[in-house]
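Below, each chain spelled out in residue letters.
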Amino acid sequence: MSEQPLLRVEGLSKYYGNRLGCTDVSFELWPGEVLAIVGESGSGKTTLLNCLSTHLEPSSGRTEYRMRDEVWRNLYELSEAERRFLMRTDWGFVHQNPADGLRMTVSAGANVGERLMAVGDRHYGHIRDTAVDWLGRVEIAADRIDDQPRSFSGGMRQRLQIARNLVTGPRLVFMDEPTGGLDVSVQARLLDLLRGLVGELGLAAIIVTHDLAVARLLSHRMMVMKDGRVIEAGLTDRVLDDPREPYTQLLVSSILQV
Amino acid sequence: MHALEEYGLMHVKLYEDIAGHGRIATTYAYPVKVEGRYVMDPSPTPKFDNPKMHMSPALQLFGAGREMRIYAVPPFTEVVSLDFEDHPFEIQHFTQPCALCAATGVYLDEVISDDHGGHMFVCSDTDNCEERRAEGHRGHLSGEELEAAE
């Protein structure tokens, strides 16, 4: 594995007017590492994710990314065109609501193929074969390739969204509550699938979730946020098994034990 | 979209055509790439005429009403229709010349002529068709023959 991190975040803050989104967040993300950001609603985790993924411009601080050519670039100084290019090649973004990340009125195959076509693949047969392959990897039957995601169940849509993001072999994927809104057995399958793919492809991922079980299953490290600040960070097992901050202890102890 | 060169969606449309119909079924408003950079929709021109836009000596103007814009293609500009390597761009082919003026190599409209399935192919460019007839060109269904048959 590489000896350099993939992403460096220093003192990132975002204010909405006077209101605090998140403040003074610093961390490094290494290739192949999965980082979970947990916290309750309104704790600033989605704001942080949107800043990292350049959907929002932070009020202060910097985020540097090591591009494929090993050059470190400050994300907020990229041109819009460079940023978009990065987002459709080297990054993925999995939305909580699959309808936000999919084109609901074009077929599943075209949803998967869009990124390939956007980066210049001009061979229909190849695009189609790749789409079939990826549908298989996310456990969608090949005969659904020409169906629109409107006719898919919630779990299938989410899996399709994952395939659509991973098809260009990104190095970093952002996920915003990827299992939110799915029922428990579907969540379990999706987590299993995600864990397999992340391991197999050596993806780095930043996952925002309020579900500690998701963090436990998928992430290597986690950060706990409260009121816009990171109050505790560390290896996932350490944080969950031996939480130090009172708030983290409260979070961990409020999981229902079945 | 143009500034960011994000044209992936244009190919998605063509992909959907092949997935649904086995071939690119778009016949007009067929997207073209101008000078290797800008993708444009030359609607309402049929794709039959797309190749004629390439290196055309004429200045070509396209009004895009809903966008409230006018697109201009300068003379002698490279214009290439989008396609896939394994599904190359093709124009429509007609097996017969214009029924009125016998022109070949022009875009023909199919006109239904009666309730029994009768139809004929005539020039889409009616002005050009009339000029040709004035010059004495005659197709197999042009007026004189019909009169002669009556």
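Everything below is about the structure printed above this text.
Residues numbered from 1 in each chain as written. Chains lettered and ligands numbered in written order. Predicted model: local features only at pLDDT ≥ 70, side-chain atom pairs only at ≥ 80, totals over all residues. Heavy atoms only, no water.

(A) Representation of the interface of chain A and chain B in the model. Contacts between the two partners involve 21 residues from chain A and, on the opposite side, 16 residues from chain B. Contact between chain A and chain B buries roughly 1,700 Å² in total, counting both sides, with carbon and sulfur atoms accounting for 62%. Area buried by chain A at its contact with chain B is led by A:Met117, A:Arg122 and A:Tyr124, which between them contribute 41% of it. Linking chain A to chain B there are two salt bridges. We note a salt bridge from A:Arg88 to B:Glu6, for which the minimum N-O separation is 3.0 Å. Counting every contact that joins chain A to chain B gives 10 residue pairs in polar contact (both at pLDDT 80 or more). Listing elements by their share of the side of chain A that touches chain B, those giving two or more residues are α2 (80-89), α4 (108-118) and α5 (124-137) of chain A. It is α4(A) that provides the largest number of residues to the side of chain A that touches chain B, a total of five residues. The residue inventory of the side of chain A that touches chain B, partitioned by class, reads eight nonpolar, five polar and eight charged. (Contact = heavy atoms within 4.5 Å. Buried area = accessible area lost by both parts, 1.4 Å probe. Salt bridge = Lys/Arg side-chain N within 4 Å of Asp/Glu carboxyl O. Polar contact = N/O pair within 3.5 Å; in protein donor to acceptor, adjacent residues only side chain to side chain. Helix = DSSP H or I, 4+ residues; strand = E, 2+ residues; numbered from the N terminus. Nonpolar A, V, L, I, M, F, W, Y, C, P; charged D, E, K, R; others polar.)

(B) Just the sheet that holds strand β2 (residues 38-40) of chain B, in detail. Residue and element names in this part refer to chain B. Strand order across the open sheet formed by three strands is β2-β1-β5, with antiparallel pairing between neighbours. A single partner strand is all that each edge strand has here, and the edge strands are β2 and β5 (79-81). The mean angle between the axes of side-by-side strands here comes to 30°, regardless of whether they run parallel or antiparallel. The pairing of strand β1 (residues 32-34) with β2 spans three bridges and is classified as antiparallel. Residue pairing for β2: Lys 33 is matched across the bridge by Val 39. (Pairing = 2+ DSSP bridges. Axes fitted to C-alpha atoms, helices over the stretch in contact; angles between N-to-C directions.)

(C) View of the packing of α4(A) against α5(A). All names here are of chain A. Between α4 and α5, whose axes approach to 9 Å, the crossing angle comes to 125°. Relative to α5, the element α4 lies oblique. Crossing of α4 over α5 shows right-handed handedness. On α5, the residues touching Gly 109, Val 112, Gly 113, Leu 116 and Met 117 of α4 are Ile 127, Thr 130, Ala 131, Trp 134 and Leu 135. Its residues placed into classes, the contact of α4 with α5 shows seven nonpolar, three polar and no charged. (Parallel < 35°, antiparallel > 145°, perpendicular 65-115°, else oblique. Left-handed = near helix turned anticlockwise from the far one by under 90°.)

(D) Region of interest: a nonpolar patch on the surface. Residues and elements named next belong to chain B. On the surface, a cluster of nonpolar side chains totalling about 350 Å² of accessible area is made up of Leu 59, Leu 61 and Ile 70. Note that Leu 59 resides in the loop between α2 (50-53) and β3 (60-64). Using a relative accessible area of 52% as the deciding quantity, one classes Leu 59 as exposed. (Patch = residues over 30% accessible without salt bridge, like charges linked within 9 Å, V, L, I, M, F, W, Y side chains within 5 Å. Areas by Shrake-Rupley, 256 points an atom, 1.4 Å probe, with all protein chains shown as cover. Buried < 20%, exposed > 50% of the residue type's maximum accessible area, 1.4 Å probe, protein only.)

(E) Inspection of the packing of aromatic side chains at higher detail. Summed over the entire model, instances satisfying the criterion amount to 10 aromatic pairs over all chains. Geometrically, the ring pair formed by B:Tyr30 and B:Phe89 is edge-to-face, given 4.9 Å between the ring centres and 65° between the ring planes. Highlighted residues: B:Tyr30 in the loop between α1 (8-21) and β1 and B:Phe89 in the loop between β5 and β6 (108-112), separated in sequence by 59 residues. With a centroid separation of 5.8 Å and 55° between ring planes, the pair formed by B:Phe48 and B:Phe94 is classed as tilted. Highlighted residues: B:Phe48 in the loop between β2 and α2 and B:Phe94 in the loop between β5 and β6, separated in sequence by 46 residues. Residue class for B:Phe48 comes out buried when judged on its relative accessible area of 8%. Assessed through its relative accessible area of 27%, B:Phe94 is described here as partly exposed. The rings of A:Tyr65, A:Trp91, A:Phe93 and A:Phe174 are connected pair by pair, giving a single aromatic cluster. Positioned above the aromatic ring of A:Trp72, the side-chain terminus of A:Arg8 is 3.9 Å from the ring centre. (Phe/Tyr/Trp six-rings, centres within 6.5 Å; stacked < 30°, edge-to-face > 60°. Lys NZ or Arg CZ within 6 Å of the ring centre and 35° of its normal.)

(F) The arrangement of a negative patch on the surface in detail. A cluster of acidic residues, B:Asp125, B:Asp127, B:Glu130, B:Glu131 and B:Glu135, forms a negative patch at the surface. Its location among the elements puts B:Glu135 in the loop between α3 (126-134) and α4 (143-149). (Lys, Arg positive; Asp, Glu negative; His and termini not counted. Charge placed at Lys NZ, Arg CZ, Asp CG, Glu CD.)

(G) Structural detail: the pattern of salt bridges. This structure, assessed with the given rule, holds 24 salt bridges over all chains. Taking the shortest distance from any N to any O, the salt bridge between A:Glu80 and A:Arg83 comes out at 4.0 Å. Taken together, the residues A:Glu80 and A:Arg83, both in helix α2 and three residues apart, mark about one turn of the helix. Its relative accessible area of 37% is what places A:Glu80 among the partly exposed residues. On the basis of relative accessibility, which here comes to 14%, the residue A:Arg83 falls in the buried class. With its nearest N and O atoms 2.8 Å apart, the salt bridge here joins A:Glu200 to A:Arg137. Of this pair, A:Glu200 sits in helix α7 (residues 184-201) while A:Arg137 sits in helix α5, placing them 63 residues apart in sequence. Taken together, the shared-partner salt bridges in this structure form one network comprising A:Glu80, A:Arg83, A:Arg84, A:Arg88 and B:Glu6.

(H) Examining α7(A) more closely. Residue and element names in this part refer to chain A. Counted at 1.5 Å a residue, the expected span for α7 with its 18 residues is 26 Å, and the 25 Å between its end C-alpha atoms agrees. Check the buried side of α7 and you find it contacts β3 (34-38), α5, α6 (154-166), β7 (172-176) and α8 (212-218). Where α7 terminates, the next one or two residues include Gly 202, which has phi positive at roughly 65°. (Expected span 1.5 Å × (residues − 1).)

(I) Up close: the side chain of B:Thr26. Here B:Thr26 lies in the loop between α1 and β1. When near neighbours in sequence (up to four residues on either side) are disregarded, B:Thr26 contacts B:Lys13, B:Leu14, B:Asp17 and B:Lys47.

(J) Main features of α2(A). Of the residues making up α2(A), those classed as buried are A:Arg83, A:Leu86, A:Arg88 and A:Thr89. Of the surrounding elements, those touching the buried residues of α2(A) are β4 (60-66), β6 (91-94) and α4 of chain A.

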